[in-house]
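Chain by chain, the residues:
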Amino acid sequence: MSCQTRLSVDELVDYFAGDLPASDSERIDLHLLSCSDCTARASALAPLLTALREHIPYVISTAGLQALERRHLRIARGEARAGARNLVPFPDGADLLVIKLAAPLSEVTHLDCELRTPDGHPILAIPEAPFDAQEGSVQLACQRHFLERFAATPEFTITLYRTGVAGPRVPIAEYTIHHS
Amino acid sequence: MRVSACYRLTVHDLTDADLASRVTAGDAGAEAELCRRFAPRVRLYGLRHLRDEDAAGDLAQQALMVVLEALRAGRLESPDRLPAFLFGACRNLVLSMRRGERRTLVEYEGEPIVAPAEPGVDRHRLASCFDGLPRREQQLLSMSFHEERPIDEIAAALELTAVNARVIRHRAIARLRTCMEGA
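Model, not experiment: these values are computed from the prediction. (Residues numbered from 1 in each chain as written. Chains lettered and ligands numbered in written order. Predicted model: local features only at pLDDT ≥ 70, side-chain atom pairs only at ≥ 80, totals over all residues. Heavy atoms only, no water.)

## Some points on the overall build of chain A
- A count of helical and extended segments in chain A gives six helices and nine strands.
- In terms of overall size, chain A is more extended than a compact globule, its C-alpha atoms giving a radius of gyration of 21 Å where 180 residues would be expected to give roughly 16 Å.
- Along the first, second and third principal axes, the C-alpha atoms of chain A reach 65 × 45 × 30 Å.
- Burial statistics for chain A: of 180 residues in total, 49% are counted as buried.
- A gap of 4 Å separates the mean positions of the 16 positive and 23 negative side-chain charges of chain A. (Helix = DSSP H or I, 4+ residues; strand = E, 2+ residues; numbered from the N terminus. Rg over C-alpha atoms; globule rule 2.2 N^0.38 Å. Buried < 20%, exposed > 50% of the residue type's maximum accessible area, 1.4 Å probe, protein only. Lys, Arg positive; Asp, Glu negative; His and termini not counted. Charge placed at Lys NZ, Arg CZ, Asp CG, Glu CD.)

As structure tokens, this is what we get:
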């Protein structure tokens, strides 16, 4: 039987993101349970969207950290002080190490982060990073597979820059972090 | 010369309702076809509501056990009601699984009735493709799928309209899919 109400990719994205009203979401639930054509199309999309849920950004917001806690990941926590060399080991058994970087952020509206090797070689640039202005913190999410990816550089520096539409880009804090 | 065409309808050609009727009649082949046909559909329901590949696989196994038992016992009022029955079963099972009753809902023995899912997404490739997206698209995808925030809230945080946020999200996913397919 061919499908008479073919679901669009856009509709499916909204459905899997949980952004449809309950009645529309139920209509799609029922349709997918009865339609092989739309199931085939949705099956080509759903694994990617599910994987996106598990894709952890380099810098996470408080909402992102709460989402990770809901998924019962083993999260280790560390802190780093600006202007210091911080030893923050990645504990055995942890899935993720969240390092809280304390910084004066109360006046900041936009923030960029840059990671470099100790000799200044760029590792990562993270423009428009999330931060908590009130608490004055940025949360760096170190993942276990980074240890392999950056095995040659167990130590790195991270610089926070205040940015804005009109103003210049100004460094506001720098941290050196060593993992082992 | 008289030519006659002989065509035997296989279970693959049956409608969902006819398949349900054949299961009730005790056709083992129809049971296997029902599981093959409905497992991907239930998995999608699980991915939407449980947001986890393993849990979605568990749901498919459990829901199809419930459906097969109902069909064998003739408890389905009409075979046309199979999707609605399955929907009800999935909804109840998801509620139970969210309460932490996973794997204890229906006892079953022997081989799983649902085939394993296809190999998943290449996470390293995904990370690489994600890093290649414009920053605004990365932010939108992270806020939608990682942080699980509603689109209206995301739009407000990024100073966009909800319509524009949806457009950017859809464009980002199209880009990601293209990048992933180019692996």
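## Structural notes on the interface of chain B and chain A
- Taken together, the 45 residues of chain B in the interface contact 51 residues of chain A.
- In total, about 4200 Å² of surface goes out of reach between chain B and chain A, with carbon and sulfur atoms giving 59% of it.
- Joining chain B to chain A, the criterion identifies eight salt bridges.
- A salt bridge links R91(B) to E26(A); its shortest N-O distance comes to 3.1 Å.
- Inspection of the chain B/chain A interface yields 21 residue pairs in polar contact (both at pLDDT 80 or more).
- At the level of secondary structure, the elements contributing two or more residues to the side of chain B that touches chain A comprise α2 (28–50), α4 (82–98), α5 (123–131), α6 (135–146) and α8 (162–181) of chain B.
- When residues in the side of chain B that touches chain A are grouped by element, the largest group, 10 residues, is from α2(B).
- Tallied by class, the residues present in the side of chain B that touches chain A amount to 21 nonpolar, seven polar and 17 charged. (Contact = heavy atoms within 4.5 Å. Buried area = accessible area lost by both parts, 1.4 Å probe. Salt bridge = Lys/Arg side-chain N within 4 Å of Asp/Glu carboxyl O. Polar contact = N/O pair within 3.5 Å; in protein donor to acceptor, adjacent residues only side chain to side chain. Nonpolar A, V, L, I, M, F, W, Y, C, P; charged D, E, K, R; others polar.)

## Topic: the state of the cysteines
- Counted by the stated rule, this structure contains one disulfide over all chains.
- Paired by a disulfide, C129(B) and C179(B) hold their sulfur atoms 2.0 Å apart. Between C129(B) and C179(B) the disulfide shows an S-S torsion of about -80 degrees. By sign, it is left-handed. Of this pair, C129(B) sits in helix α5 while C179(B) sits in helix α8, placing them 50 residues apart in sequence.
- A relative accessible area of 25% means that C179(B) is categorised as partly exposed.
- This cysteine, C113(A), is not joined by any disulfide, and C142(A) carries the nearest cysteine sulfur, 12 Å off.
- When its relative accessible area of 1% is taken as the criterion, C113(A) is described as buried. (Disulfide = S-S within 2.5 Å.)

## Examining the side chain of D14(A)
- Counting through the fold element by element, D14(A) comes out in helix α1 (residues 9–17).
- For D14(A), a relative accessible area of 9% gives the class buried.
- A polar side-chain atom of D14(A) sits 2.6 Å from a polar atom in the side chain of R169(B).
- Residues in contact with D14(A), not counting those within four places in the same chain, are D19(A), L20(A), R166(B), R169(B) and H170(B).

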